[in-house]
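Here is how the chains run, residue by residue.
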Amino acid sequence: MSGSRARRRSFILLAFVFPALLFYAVFMLAPAFGGAWYSFTDWNGLNPAYHLVGFSNYIEALTDDAFFIDSVWFTLKFVVVMVVMQNVLAVLLAVLIESRSRSKAWFRTIFFMPNMISMIIGGFMWLFIFTKALPYIAEHAGLAFLDQSWIGDPKYSFLAIVIVSLWGGVGYLMVIYIAALQGVPDALKEAAAIDGANSWQTFRSITLPMVYPAVTIGIFVTLNSSFKAFDAVFVLTGGGPGRATQVIALNIFEEAFKMSSRYGYASAKAMILFLVVLVITLIQLSLMKRREVEA
């Protein structure tokens, strides 16, 4: 009787999970395996006929495509900046909000709100700020440092992309760190205070080691989202000026749909991006998990 009941329970659970698995297989797994196959072809995305070209797409992308290589280096620079700044700001906001006795819910809502807005819409909002609002404020408030070519100058356009990406991503990580901070026992903090530890010593020696699993998650999330950055760059600069701010995802998009319709070649670039993210993520998780055990 217990065996049949367990089988019935497993069948019910599978029935509930099956629609989600079906959608995941159709809209995620199938395109992923299809892209992997097409990366070895010369398919243009439209013609049903194509030819196998082996690894020539990969070799061309890694040796002969200067624009793609430049986009890889730019993306790596962007990833490093975002991993550091986004996690540091998220931790600081989480600590500051949790230290308040009142208005916690309001501050959590305010900082999380950008995650409820599409980054495309948010990008257009910030485009208006950079091109219209800031020059107007600089002219009428005497703040000349705000009157910069935020979109046309590569130095400032990179800063603009970082600002918008931080605005859109810090709130999500902040919620993760707030949940981790709430799991730190107050008794440990009180014991540290009795022993004479100040706020920084308490945070460094007690709080941070106990929220280290959340740091692992935060860095994992930031790595993946930063490597796949597209919408903010697409709206703000379109990869310009020239190709100075072109990320890998935008380079792949233009290769497949705007420049030459080389869908197979673009698929090879996408597979390269996938492998880079996979290797870096596995290394990051391995190192961070080892650090968690030591902490």
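Above this text you will find the structure in question.
A few points on the structure. The shown structure was predicted, so the numbers you read here are calculated from the model rather than taken from an experiment.

### Considerations on the overall build of the chain
Counting its regular elements, the chain contains 12 helices and 0 strands. Overall size of the chain, expressed as C-alpha extent along the three principal axes, is 80 × 75 × 35 Å. Out of the 295 residues in the chain, the part that is buried amounts to 35%. If you take every contact in the chain between residues at least 6 apart in sequence, the share linking residues at least 24 apart comes to 67%. With an accessible surface of roughly 17,700 Å², the chain has 70% of that area assigned to carbon and sulfur atoms. One finds the centroid of the 21 positive side-chain charges in the chain at a distance of 12 Å from the centroid of its 17 negative side-chain charges.

### Section: the packing of helix α7 (residues 186-194) against helix α8 (residues 199-210)
Close contact between α7 and α8 brings their axes to 10 Å; oriented N to C, the two are set at 165°. Compared by their axis directions, α7 and α8 come out roughly antiparallel. The way α7 lies across α8 gives a crossing that is right-handed. Residue-level contacts link L188, K189 and A192 of α7 to T202, I206, T207 and M210 of α8. The residue inventory of the contact of α7 with α8, partitioned by class, reads 4 nonpolar, 2 polar and 1 charged.

### Observations regarding empty space enclosed by the protein
A complete count under the given rule lists 1 cavity of 30 Å³ or more for this structure. Considered as a void within the structure, the largest cavity measures approximately 40 Å³ in volume. Lining the largest cavity we find V91, V95, Y177, L181, F203, L208 and V211. Within the residue set of the lining of the largest cavity, elements represented by two or more residues are α3 (66-98), α6 (154-182) and α8.

### Focus: the layout of surface pockets
Estimated volume of the largest pocket: approximately 1,100 Å³. Lining the largest pocket are 29 residues; nearest its centre among them are A32, A270, M271, L273 and F274. Of all elements in the fold, only α1 (2-38), α11 (248-259) and α12 (263-294) reach the threshold of two or more residues within the lining of the largest pocket. Here the second largest pocket defines a volume of roughly 380 Å³. Mapped by element, the contributors of at least two residues to the lining of the second largest pocket are α3, α6, α9 (212-227) and α10 (231-236). The element best represented in the lining of the second largest pocket is α6, accounting for 5 residues. Broken down by class, the residue content of the lining of the second largest pocket amounts to 11 nonpolar, 7 polar and 2 charged.

### Concerning the nonpolar core
Nonpolar side chains in soluble globular proteins generally cluster together in the buried interior. Ranked by size, the top nonpolar core spans 60 residues in total, and within it F78, F130, V164 and Y177 carry the most contacts. The set of elements that each furnish at least two residues to this core consists of α2 (56-63), α3, α5 (119-141), α6, α9, α10, α11 and α12. Per-element tally for this core: the top contributor is α6, with 14 residues. The contacts of F78, once residues within four sequence positions are left out, are F158, I161, V162, S165, S226 and A229.

### A few points about the packing of α3 against α6
A pair of packed helices is characterised by two quantities: the angle between their axes and the separation of those axes. Where α3 contacts α6, the axes come no closer than 6 Å and their chain directions differ by 45°. Judged on the interaxial angle alone, α6 and α3 are oblique. The crossing of α3 and α6 is right-handed. Here the contact of α3 with α6 is built from residues that sort into 22 nonpolar, 5 polar and 2 charged.

### Here we look at the pattern of salt bridges
Enumeration according to the criterion identifies 6 salt bridges in this entry. Two residues, D65 and K269, come together in a salt bridge whose shortest N-O distance is 2.9 Å. Placement of D65 in the loop between α2 and α3 and of K269 in helix α12 is noted, with a sequence separation of 204 residues between them. The pair formed by D65 and K269 is uniform in burial state, with each residue classed as buried. E98 serves as the salt-bridge partner of K104, at 3.8 Å between the closest nitrogen and oxygen.

### Overview of the side chain of N87
With respect to the helices and strands, N87 occurs in helix α3. Once residues within four sequence positions are removed from consideration, N87 is found in contact with M82, L173, Y177, G218, I219 and T222.

Thresholds, definitions, all that
- Residues numbered from 1 in each chain as written.
- Predicted model: local features only at pLDDT ≥ 70, side-chain atom pairs only at ≥ 80, totals over all residues.
- Heavy atoms only, no water.
- Helix = DSSP H or I, 4+ residues; strand = E, 2+ residues; numbered from the N terminus.
- Buried < 20%, exposed > 50% of the residue type's maximum accessible area, 1.4 Å probe, protein only.
- Contact = heavy atoms within 4.5 Å.
- Areas by Shrake-Rupley, 256 points an atom, 1.4 Å probe, with all protein chains shown as cover.
- Lys, Arg positive; Asp, Glu negative; His and termini not counted.
- Charge placed at Lys NZ, Arg CZ, Asp CG, Glu CD.
- Axes fitted to C-alpha atoms, helices over the stretch in contact; angles between N-to-C directions.
- Parallel < 35°, antiparallel > 145°, perpendicular 65-115°, else oblique.
- Left-handed = near helix turned anticlockwise from the far one by under 90°.
- Nonpolar A, V, L, I, M, F, W, Y, C, P; charged D, E, K, R; others polar.
- 1 Å grid on protein atoms, 1.4 Å probe; cavity = no way out; pocket = protein on both sides within 12 Å on 5 of 7 lines; lining within 4 Å.
- Points joined across faces, edges and corners; volume = space filled by probe spheres on them.
- Core = buried A, V, L, I, M, F, W, Y, C linked by side-chain atoms within 4.5 Å.
- Salt bridge = Lys/Arg side-chain N within 4 Å of Asp/Glu carboxyl O.

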